[in-house]
Number of protein chains: 2
Amino acid sequence: MPTAAARTYPPAAIDTFIAAIQYDTQGLVPAIAQQHDSGEVLMMAWMDRDAVAETMRTGRVCYWSRSRQAPWRKGDTSGYIQILVDLRVDCDGDTLLALVDQTGVACHTGRHNCFFRAVREGSLQTIAPVLVDMSDIHKE
Amino acid sequence: MPTAAARTYPPAAIDTFIAAIQYDTQGLVPAIAQQHDSGEVLMMAWMDRDAVAETMRTGRVCYWSRSRQAPWRKGDTSGYIQILVDLRVDCDGDTLLALVDQTGVACHTGRHNCFFRAVREGSLQTIAPVLVDMSDIHKE
């Protein structure tokens, strides 16, 4: 269970934050999700303007699924949600950093984070275990 | 001064890693730079195939500058380099995570990382101090 309280923002703050973002030509901005206490980088996904607003309004992290071309409230299918702890925008306004409290696992493969492939002993290897069998859960 | 030893990779491992990457339509992949020991997310920038190869060959993190449309060896102008500690690719192959040892500051504003703007008390505020006067250094 998440231990952090969800951070939500009033409408005026959301508008101000959204105005600071430089969206790409598809109206999207990359958002890095980092576990707020351990510092673990969990994943990177994309937000559109509505996803940023919904994330800040509700304290539940939402993205835009490029593969499905649809809004994606993280965890609606898997149950593994991200509670928003803080949301930051970078110097150029073109990348977001969401500090979150991740329930369960962040990766659709059942691993705790998505960055589990690296070179070891000359070959590309899997460096993190599957913690949850996601075969029964619709792929996020 | 960086304390970590630079990680470099043999040509075959570089080829294998590069083959696992899904580049976007512009031939780029987003790369998150994270300080290897503290877990601080320093910045996000873009790599093309050559930048990935050069990073892995030399152990010095290199990007592709979209604004300049040119290769960008981080720190060549400022002196604030990133030593590669580990390079990871995510589940979908479309985002990289570089664990680095950052010399000095990562952000062209002179702050330690680029994610220094967040909502505080209802307005967008700067939450990290300028550590280095970058006015004498060509903007990276």
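Overview of the structure. (Residues numbered from 1 in each chain as written. Chains lettered and ligands numbered in written order. Predicted model: local features only at pLDDT ≥ 70, side-chain atom pairs only at ≥ 80, totals over all residues. Heavy atoms only, no water.)

Some words on the sheet that holds strand β5 (residues 82–89) of chain A
Two orientations exist for strands paired in a sheet by backbone hydrogen bonds: parallel and antiparallel.
Next up, step 1: Reading across from one edge, β2(A)-β1(A)-β6(A)-β5(A)-β7(B)-β8(B) is the order of the six strands in this open sheet, with mixed pairing throughout. Edge positions in the open sheet fall to β2 (41–47) of chain A together with β8 (123–126) of chain B, since each of these has one partner strand only. Neighbour-to-neighbour, the strand axes of the sheet open up by a mean angle of 40 degrees, direction not taken into account.
Next up, step 2: As defined by bridge partners, strand β1 (residues 29–35) of chain A adjoins strand β6 (residues 96–102) of chain A across five bridges and the pair is classed as parallel. In the sheet register, I32 of chain A faces β6 of chain A, and the bridge partner there is L97 of chain A. (Pairing = 2+ DSSP bridges. Helix = DSSP H or I, 4+ residues; strand = E, 2+ residues; numbered from the N terminus. Axes fitted to C-alpha atoms, helices over the stretch in contact; angles between N-to-C directions.)

A word on the environment of I81 of chain A
Residue and element names in this part refer to chain A.
Next up, step 1: With respect to the helices and strands, the residue I81 is situated in the loop between β4 (70–73) and β5.
Next up, step 2: Given a relative accessible area of 17%, I81 falls into the buried group.
Next up, step 3: Between the C-alpha atom of I81 and that of D136, which follows or precedes it by 55 residues, the distance is 17 Å.
Next up, step 4: Residues within four places of I81 in sequence aside, it is in contact with R60, K74, G75, D101, Q102 and T103. (Buried < 20%, exposed > 50% of the residue type's maximum accessible area, 1.4 Å probe, protein only. Contact = heavy atoms within 4.5 Å.)

As for the relation of the copies chain B and chain A
Next up, step 1: Between chain B and chain A, the superposition needs a rotation of 180 degrees and an axial shift of 0.0 Å, giving an RMSD of 0.0 Å. One copy is carried onto the other by what is essentially a two-fold rotation axis. Closest approach to the rotation axis among the C-alpha atoms of chain B is made by G39 of chain B, whose C-alpha sits 2.5 Å away.
Next up, step 2: When the interface residues of chain B are mapped onto chain A, 100% of them are again interface residues, pointing to one common binding face. (Least-squares fit on C-alpha atoms with pLDDT ≥ 70 in both.)

A short note on helix α2 (residues 49–58) of chain A
Note that an α-helix has 3.6 residues per turn; residues three or four places apart therefore point the same way.
Next up, step 1: Looking at α2 of chain A, one finds that the buried residues are A51, V52, T55 and M56 of chain A. Relative to the axis of α2 of chain A, the buried residues are bounded by an arc of 125 degrees and lie together on one face. In this structure, α2 of chain A carries D50 and R57 of chain A as exposed residues pointing more than 90 degrees from its buried face.
Next up, step 2: As for α2 of chain A, its buried residues are in contact with α1 (11–19), β2, β3 (62–65), β5 and β6 of chain A together with β7 (117–120) of chain B. (Arc of directions from axis to C-beta.)

Things to note about the interface of chain B and chain A
Next up, step 1: Across the contact, 40 residues belong to chain B and 40 residues belong to chain A.
Next up, step 2: Both faces considered, chain B and chain A share a buried interface measuring about 3100 Å² in area, 65% of it formed by carbon and sulfur atoms.
Next up, step 3: On the chain B side of the interface with chain A, the three residues burying the most area are C91, F115 and R117 of chain B, jointly 21% of the side's total.
Next up, step 4: Inspection of the region where chain B meets chain A yields four salt bridges. (Buried area = accessible area lost by both parts, 1.4 Å probe. Salt bridge = Lys/Arg side-chain N within 4 Å of Asp/Glu carboxyl O.)

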